Amino acid sequence: MRNLAALAATLAPAAALAGGYVVPNLNARDLALAGSAVAAQDTAAATYANPAALSKLDGLNLSLDLSLVDFRSTWTDSQNVFNASPVSMIPKGAFPPALYAAYGLPLSSRVKLGLGAGLTIPGGGYVFWPGGWAGRNEIVTVDRKVYGAYLTAGIQVLRQLRLGGGLVYYRTTEHLVRGVNFLSQEGQIELGTAGGAASFDLSAEGTPFASLPLTLSVDYKHQGVQHLEGHAHGSNVPLPLRPGLLDQGVTHTLTYPNQLNLGAAFRAPLLPLLVTAGFTWERFHVYQEDAFVGDRGVSVVVPRDYRNGYTFRLGGEYQALPILKLRAGVLRDISPSRTDTLDPSLPDSNATAFSLGVGYAALRNLEIDAAYFHAFYDSITATGIEAFPGTYQTRASIYALNLVWKPGQERR
């Protein structure tokens, strides 16, 4: 019986990590516009953001991006449960890519086709708390990456209407570390899992008014239900508990949520200005609970009780010089997390973010884009018996550098 209880205590907090969060579009131009450019895609990055826009490309188009994500949070014992001082995460940067290749070609005088392939990390978690902090028995480390591989296409069926879509494959890798109090001594559990699932993308884009420079778009990405498998290993485990805790197989189901992106882009007729707006809806309601199952007969179910999340976005791109574009954006994100299930593995809350960026046409066929994105999360305090008590103050910064290369165009 003691062995069963210890194993349950080990698996339960780790199961709460299956919540995850969605990472912003890491392409530098999209990031600089706060993700509002769904209806203003003009490079191979449309492979991910809006496949219908691939039909606007001419010849080969490459978009190669590398980003730095800096996610940090400070926990405060605001309810004096532990009589502990504030604790901040250990700063560690993640370097997710956003790599796309596309090719556009005419099929007739009016019909155009664009094909695209790409890889990015649309979601994950990167959390590193100190090993001796008050919540070490909840979580110490979360290193989860949700990879997205995209094979999409767009076709212009009418002069003012483009359709698109394709295949999506999600692949998640996860490494979790947490402390365990065995009463007689403290130990640690490490858990590694991996798995994937296929999904699909559908999109459409149109210019409904021939005399008005307004583009409207919609992009839908279906959920990916991934069945992860892996291994758990215990260290410093008391001898009587080692048969059940030292090593075991673990499985759990992780769902990347459905996403709906609506976009609008308007090009000012008297100014070299493009205004973009977007709305994102994420079906996080699929997370009602998380279950980790050990291969030695123990199952643990942890309630998550997520609601759906949504984001409002606004951006602008100004052609300051023939070779220089200035960009800025702002968003307001409504988090799916609830305070009564809040956990330090994901100190998430509603957030306001701003972004800045530039685009420099180094050559006629080569553009260099750079962006900075910063999110201010609302201070949030955990409530309820299922949450880890305390107040979290979180912020995130993303730096992105992108090269857009169009080999078919002549040099300047």
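Everything here concerns the structure above.
All values derive from a computational prediction rather than experimental measurement. (Residues numbered from 1 in each chain as written. Predicted model: local features only at pLDDT ≥ 70, side-chain atom pairs only at ≥ 80, totals over all residues. Heavy atoms only, no water.)

Asks: Sorry if this is basic, but what is going on with the overall build of the chain here?
Replies: Helix and strand counts for the chain come out as four helices and 22 strands. Scored against the burial criterion, the 412 residues of the chain give a buried share of 51%. Summed over its atoms, the accessible surface of the chain is roughly 17,400 Å², and 62% of this surface lies on carbon and sulfur atoms. (Helix = DSSP H or I, 4+ residues; strand = E, 2+ residues; numbered from the N terminus. Buried < 20%, exposed > 50% of the residue type's maximum accessible area, 1.4 Å probe, protein only. Areas by Shrake-Rupley, 256 points an atom, 1.4 Å probe, with all protein chains shown as cover.)

Asks: Even after reading the chapter, I still don't get the side chain of S337, so can you show me in this structure?
Replies: You can see S337 is positioned in the loop between β18 (324–334) and β19 (351–363). Look past the residues within four positions of S337 in its chain and what remains in contact with it is Y306, R307 and D348. (Contact = heavy atoms within 4.5 Å.)

Asks: I keep staring at unusual backbone geometry and nothing clicks. Help me out?
Replies: Despite not being glycine, N80 shows a phi value in the positive range, around 55 degrees. Relative to the elements of secondary structure, N80 occurs in the loop between β2 (59–76) and β3 (87–88). One non-glycine residue, N83, lies in the positive phi region at around 55 degrees. Position of N83 relative to the elements: it lies in the loop between β2 and β3. Overall, the relative accessible area of 74% leaves N83 in the exposed class.

Asks: So what exactly am I meant to see when it comes to the pairing of strand β10 (residues 214–221) here?
Replies: Here is the key point about a regular strand: its side chains alternate between the two faces of the sheet. In the sheet, strand β9 (residues 186–206) pairs with β10 via six bridges, with the strands oriented antiparallel. Paired with E205 across the bridge in β10 is S217. Sheet topology note: the β10/strand β13 (residues 259–267) ladder contains eight bridges and is antiparallel. Looking across to β13, one finds that K221 is bridged to Q259. (Pairing = 2+ DSSP bridges.)

Asks: How should I be thinking about the pattern of salt bridges in this particular structure?
Replies: Pairing between side chains of opposite charge can happen when the charged atoms of each approach one another. All chains considered together, the criterion is met by 15 salt bridges. Here K145 ties to D143 by a salt bridge, and the two come within 2.7 Å at their closest N and O atoms. On the basis of relative accessible area, K145 is assigned to the partly exposed category, the value being 24%. Two residues, E174 and R144, come together in a salt bridge whose shortest N-O distance is 3.4 Å. Residue E174 is located in strand β8 (residues 161–181), and its partner R144 is located in strand β7 (residues 141–158); the two are separated by 30 residues in the primary sequence. Exposure class is identical for E174 and R144. Each is buried. (Salt bridge = Lys/Arg side-chain N within 4 Å of Asp/Glu carboxyl O.)

Asks: Just to check I follow, could you spell out the pairing of strand β20 (residues 366–377) for this structure?
Replies: One ladder, built from twelve bridges, connects β19 with β20; its direction is antiparallel. Its bridge partner being in β20, G357 is matched across the sheet by A371. If you look at the hairpin formed by β19 and β20, you'll find two residues sitting between the two strands. Inspection of the sheet shows β20 paired to strand β22 (residues 390–405) by eleven bridges, in the antiparallel sense. The residue of β22 that forms the bridge with A375 is A396.

Asks: Just to check I follow, could you spell out the environment of L342 for this structure?
Replies: Structurally, L342 is set in the loop between β18 and β19. By relative accessible area, which is 2% here, L342 ends up buried.

Asks: Would you take a moment to explain a nonpolar patch on the surface for this structure?
Replies: A surface patch of nonpolar side chains, amounting to about 750 Å² of accessible area, comprises F209, L212, F266, V275, L314, V330, F354, L356 and F376. By relative accessible area, which is 32% here, F354 ends up partly exposed. (Patch = residues over 30% accessible without salt bridge, like charges linked within 9 Å, V, L, I, M, F, W, Y side chains within 5 Å.)

Asks: How should I be thinking about the environment of K325 in this particular structure?
Replies: Looking at the secondary structure, you find K325 in strand β18. A residue is classified by how much of its surface remains accessible, and K325, at 18% relative accessible area, is buried. The spacing of K325 and A361 is 36 residues in sequence and 8.6 Å in space, taken between C-alpha atoms. For K325, the contacting residues outside a window of four places in its chain are E317, Y318, Q319, G357, V358, G359 and E367.

Asks: Looking at this structure, how should I read the packing of aromatic side chains?
Replies: Any two aromatic rings considered together are summarised by their centre-to-centre distance and by the angle between their planes. For the structure on display, the rule yields 18 aromatic pairs. Ring centres of F71 and Y377 lie 6.1 Å apart, and the angle between their planes is 85 degrees; this geometry places the pair in the edge-to-face category. Of this pair, F71 sits in strand β2 while Y377 sits in strand β20; the two residues are 306 residues apart in sequence, bridging distant segments of the chain. The class for F71 is buried, based on a relative accessible area of 8%. On the basis of an interplanar angle of 85 degrees and a centroid distance of 5.7 Å, the ring pair of Y310 and F312 is categorised as edge-to-face. Taking the relative accessible area as the measure of exposure, Y310 reaches 32% and is therefore partly exposed. On the basis of relative accessible area, F312 is assigned to the partly exposed category, the value being 46%. Ring pairs connect the aromatic residues W75, F82, W129, W133 and F388, which therefore count as one cluster. (Phe/Tyr/Trp six-rings, centres within 6.5 Å; stacked < 30°, edge-to-face > 60°.)

Asks: Explain the nonpolar core to me, please; I cannot follow it from the model alone.
Replies: Where a protein is soluble and globular, its nonpolar side chains tend to be buried together. Counting 61 residues, the largest nonpolar core has W75, W129, F373 and Y392 as the members making the most contacts within it. Excluding its chain neighbours within four sequence positions, the residues that come into contact with W129 are S73, W75, V87, S88, M89, I90, I139, V140, P344 and Y392. (Core = buried A, V, L, I, M, F, W, Y, C linked by side-chain atoms within 4.5 Å.)

Asks: How do you make sense of the environment of T255 when you look at a structure like this?
Replies: By the element assignment, T255 lies in strand β12 (residues 247–256). Here T255 falls in the buried class, since its relative accessible area comes to 12%. Along the primary structure T255 and G196 are separated by 59 residues, whereas in three dimensions their C-alpha atoms are 9.7 Å apart. Discounting residues that sit within four places of it in the chain, T255 has contacts with Q223, G224, V225, V286 and Y287.

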